[in-house]
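Structural overview
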Amino acid sequence: MTRIGEYVANNGNGANNGVWRASPTDVFSSDIVNMERVRKSNDAKGKFWKPIALLCSVAAILFFICAVALVGLVVVKYVKEDEKPEEGHHQQPQVSVDDSQHPFREEMKDGRPTSHTVDRPKSGLHWPLPSGSMYTSFRRASIATDHGLCSEVGRDVMMQGGNAVEATIASLFCIGVVNPQSSGLGGGFQMTLFNKTTGRCVTIDARETAPASASQNMYVEHPVDASYGYKSIAVPSELHGYYTAFTRFGSGKIAWRRLVEPAMLLAARGFPVSNNLADVLKRKEKHVMIDEHMTKEFVNPVTGRVYEEGDMMKREALAKTLELIGNDSDPIGLFYRHGMAQSITAEFHRNGAHVSAQDLANYNTVVEESPLVVEDLPGGLSMCGPPPPSSFVVLQAIVRTMARFYNGTGAKNLDDPLYYHRLIETMKFTYAQRAKLGDTRFVQSAHELVSKMLTPNFISSIVSRIKDHALPMEDYTEVPMSMPEDHGTSHVSAIDEEGNAVSTTSTVNQLLGSMKISPTLGIIWNDEMDDFSTPGQANLFGFAPSETNFIAPGKRPMSSMSPTIVYSKDGEVKMVAGAAGGSFIISATAQSIIQTLLFKRTVKESLDAPRFHHQYLPHKCDYEQTVPPEIIDALRTRYQQNMTIVDKIASVVQALEVSEDGYIHGNSDWRRKTSTYPSGF
């Protein structure tokens, strides 16, 4: 090491530079001396030159002002002459259009339009500017979740050789930690998988089931028990579904522990509370405070209030549970039959829950080798998803009906109010059928209705009944029935390097489920019994409950979850989509698919676009406030639609699309106030 102030003879390679390395203090002091000498010299010179410089500056300013004025006069003269209409032509009013606000604006990549470039007419309508959500593009694999941290967890699994199933499981474990208000080990999920090798879809139903002691009248006298507390809990099925998917469809290259570990570390070390979680905790603060275990989990010990956005939150009990699950060679046995099951059933029994040890032991994940598939989409595309209790059959009917109107030929104009009228009418006809659906393993009529809704004739019947005005309520269905609202959910869409795809929606039902947490395991328990219908309990509008969705032992309640995959005849995935948001899931996912596939918009354009929602009951159409007023006026006056403005429709879509250039383009919906984005490589 060279000492400060010594002579350096070489520069490290033997060359003699003859450089004196001075002390930093010496250099700084000598600089100050030199600066002072220069300042005094300049002061002396300035006494002579300052008056002359001032006169020159004034002259330059006057010359500049005169030049600007002259140029202005010339410009005004030419503009006025140019505005005069040519003789013999009618002068048209000029409309200023900002293409960035137009629904047909082009996404650019490297200065070039993307593969979705089409001839897009200019519009005088005022559409919202693009949201701040990230529009991603990856060459080999991608995954989109409800939280950016969890998207990265899934990406890392695929980078290490895991497939889309394993990446999804790891991401869902993560979501259960950072988004406990929506999903987790205390809930259940539905999954759609596309196998690139076989070119076929498979679905996994890991939906919660009613306990063996359940009956359709169990909540008649005490309806609140269905939505709050231990009596509202259905058999938790999330972990059973995870491990079933892992053992049946995993790559074999990734250890089970590897999928659990990231979530375990987040729970143990802590994570920043998102805006969305903080908002839910604020709204649910009273319920959190009245339960000592919820208080321990969600109240910041420093402030004495529920956690706020940006606070670091740990979930230490859940971290220990995840560690046990990750290290066990038989996690289903651990959770549903052995050690952990004993702790769960003791807690349930102590608090009056209906779920028993036998219910846990008897739970079974359903793998459907022949899910719902429709093959009549434009461009030779097919679409697949789960049968009821999923609502995919409703979603596919919306997409296929709109495809009849916009099937690749003719005008496609999203500025045309007729498009939205047709969409609203289609939602009315299809949602009206939803109340007749139920778990097809228990309800034969629901099974028959599903088969009917998949046929081309069913779609043709809807198309023929859509008129140029809204119809009376009774024209959409013979007997109106109500379906309970489902609520908080999370969604994951994934495509791996091999071309396999997974679409998965998970839920604990209402935000924070039953508002009960296991004090020993740190698991938020679901309130899925609230998704069943109960005899005699009409909804707020006086309509009778759905008989096909009444409670029965072992039955799974209807859900809006609609995990969807679109693929081509040659076995290439085209789009993976799904959403969180209760009954809004169906309409939001359908609109995203329609605008991407039929109108050739990017997935970001499709997710950014203002949404409409009509679920037949209540008989009104919600629309987001950013829809241009000209469209709403036309829907009200010309088409007689009953329109209701909302700030935003509570649905959060996660969508991936494989474009013609082979890249996977993705977007995470801006409507959830969480830092989220697709990840990949």
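What counts, and at which threshold
- Residues numbered from 1 in each chain as written.
- Predicted model: local features only at pLDDT ≥ 70, side-chain atom pairs only at ≥ 80, totals over all residues.
- Heavy atoms only, no water.
- Helix = DSSP H or I, 4+ residues; strand = E, 2+ residues; numbered from the N terminus.
- Buried < 20%, exposed > 50% of the residue type's maximum accessible area, 1.4 Å probe, protein only.
- Contact = heavy atoms within 4.5 Å.
- Areas by Shrake-Rupley, 256 points an atom, 1.4 Å probe, with all protein chains shown as cover.
- Pairing = 2+ DSSP bridges.
- Axes fitted to C-alpha atoms, helices over the stretch in contact; angles between N-to-C directions.
- Salt bridge = Lys/Arg side-chain N within 4 Å of Asp/Glu carboxyl O.
- Polar contact = N/O pair within 3.5 Å; in protein donor to acceptor, adjacent residues only side chain to side chain.
- Phe/Tyr/Trp six-rings, centres within 6.5 Å; stacked < 30°, edge-to-face > 60°.
- Lys NZ or Arg CZ within 6 Å of the ring centre and 35° of its normal.
- UniProt positions renumbered as here; feature names shortened; annotations may be inferred.
- Disulfide = S-S within 2.5 Å.

1. Concerning the overall build of the chain
Secondary structure assignment for the chain yields 19 helices and 23 strands. In the chain, which comprises 681 residues, the proportion classed as buried is 54%. Within the chain, contacts between residues separated by at least 24 positions form 72% of all contacts whose residues are at least 6 apart in sequence. When the accessible surface of the chain is summed, it comes to about 30100 Å², and 55% of that surface belongs to carbon and sulfur atoms.

2. Let's talk about the environment of Pro387
As for its placement among the helices and strands, Pro387 is situated in the loop between strand 13 (381-385) and helix 13 (392-405). A relative accessible area of 15% places Pro387 in the buried class. Put simply, Pro387 and Leu372 are 15 residues apart on the chain and 6.0 Å apart in space, counted from C-alpha to C-alpha. Ignoring sequence-local partners within four residues, the contact set of Pro387 consists of Thr203, Glu368 and Leu372.

3. What to know about the sheet that holds strand 12 (residues 372-377)
Ordered by their spatial adjacency, seven strands build an open sheet running 5-22-21-17-16-13-12, and the pairing between neighbours is antiparallel. Strands with a single pairing partner mark the edges of an open sheet, and in this sheet they are strand 5 (135-138) and strand 12. Pairwise comparison of adjacent strand axes, ignoring direction, gives a mean angle of 15° for this sheet. Across four bridges, the pairing between strand 5 and strand 22 (residues 664-668) is antiparallel. When the sheet's bridge partners are listed, Thr136 is paired in strand 22 with Gly666. Where helix 17 (residues 584-598) meets the sheet, its contacts fall on strand 13, strand 16 (564-567), strand 17 (573-580) and strand 21 (652-658), and the angle it forms with strand 17 comes to roughly 155°.

4. Some thoughts on the pattern of salt bridges
For side chains bearing opposite charge, pairing can occur when the charged atoms are close. The final tally for this structure, using the stated rule, is 27 salt bridges. With its nearest N and O atoms 3.5 Å apart, the salt bridge here joins Arg257 to Glu261. Taken together, the residues span about one helical turn, with Arg257 and Glu261 both in helix 5 (residues 256-269) at a distance of four residues. Residue classification places Arg257 among the partly exposed residues on the basis of a relative accessible area of 30%. Each of the salt bridges in this network shares a partner with another, and the network as a whole consists of Asp205, Asp439, Arg441 and Arg556.

5. Re the environment of Gln625
Note that Gln625 resides in the loop between strand 19 (621-624) and helix 19 (629-637). Each C-alpha atom, one on Gln625 and one on Asp647, is 5.6 Å from the other, the two residues being 22 residues apart in sequence. Ignoring anything within four residues of it in the chain, the contact list for Gln625 reads Ile645, Val646 and Asp647. Looking at Gln625, its side chain comes within polar contact range of the side chain of Asp647, at 2.8 Å.

6. Quick notes on the sheet that holds strand 23 (residues 679-680)
What the seven strands build is an open sheet, ordered 11-8-7-15-14-6-23; its pairing is antiparallel. The outermost strands of the open sheet, each flanked by one partner alone, are strand 11 (366-368) and strand 23. Relative to strand 15 (residues 501-509), strand 14 (residues 488-495) runs antiparallel, the two sharing eight bridges. What sits directly across from Ser493, in strand 15, is Ser503.

7. So, the side chain of Arg556
Considering the arrangement of structural elements, one finds Arg556 in the loop between strand 15 and strand 16. Judged by relative accessible area, which is 6%, Arg556 ranks as buried. Polar side-chain contacts of Arg556 include one of 3.0 Å to the side chain of Tyr363. In this structure, Arg556 is in contact with Asp205, Ala206, Arg207, Glu208, Thr209, Tyr363, Asn364, Val366, Pro389, Asp439, Arg441 and Phe532, ignoring residues within four places of it in sequence.

8. Focus: the packing of aromatic side chains
Inspection of every chain in the model, using the stated rule, returns 20 aromatic pairs. Taking the centre distance of 5.7 Å and the plane angle of 75° together, the rings of Phe173 and Trp256 count as edge-to-face. Pair noted here: Phe173 is in helix 3 (residues 164-178) and Trp256 is in helix 5, with a separation of 83 residues, a long-range link. For Phe173, a relative accessible area of 3% puts it in the buried group. The class of Trp256 is buried, set by a relative accessible area of 7%. Ring plane angle 25° and centroid distance 6.4 Å describe the contact between Tyr336 and Tyr363, whose orientation is recorded as stacked. One end of the pair, Tyr336, is in helix 10 (residues 331-336); the other, Tyr363, is in the loop between helix 12 (357-362) and strand 11, and 27 residues separate them in sequence. Neither residue differs from the other here; Tyr336 and Tyr363 are each classed as buried. Feature note: the residues Trp127, Phe405, Tyr406, Tyr419, Tyr420, Phe599 and Phe612 constitute an aromatic cluster, connected by ring pairs. Lying across the ring of Tyr663, Arg139 places its NZ or CZ 5.3 Å from the centre.

9. Quick word on the UniProt feature "binding site: L-glutamate" (unreviewed entry) in the chain
With numbering aligned to this structure, UniProt lists the feature "binding site: L-glutamate" (unreviewed entry) at Arg207, Thr507, Val508, Asn509, Asp531, Ser559, Ser560 and Gly582. Looking at the element boundaries, Thr507 is found in strand 15. Assessed through its relative accessible area of 3%, Thr507 is described here as buried. If sequence neighbours within four positions are ignored, Thr507 has contacts with Ser182, Ser183, Gly187, Gly188, Arg207, Glu208, Gly488, Thr489, Glu528 and Met561. With respect to the element layout, Val508 can be found in strand 15.

10. With respect to the state of the cysteines
What makes a disulfide is a covalent bond joining the sulfur atoms belonging to two cysteines. If you walk through the whole model with that rule in mind, you get two disulfides. For Cys150, the disulfide goes to Cys174, at an S-S distance of 2.1 Å. Measuring the twist about the S-S bond at about -75°, one finds the Cys150-Cys174 disulfide to be left-handed. Taken together, the positions of Cys150 in helix 2 (residues 148-159) and Cys174 in helix 3 put the pair 24 residues apart, joining distant regions of the chain. No difference in accessibility class separates Cys150 from Cys174, as the two residues are buried. The disulfide partner of Cys201 is Cys384, and the S-S distance across this bridge is 1.9 Å.

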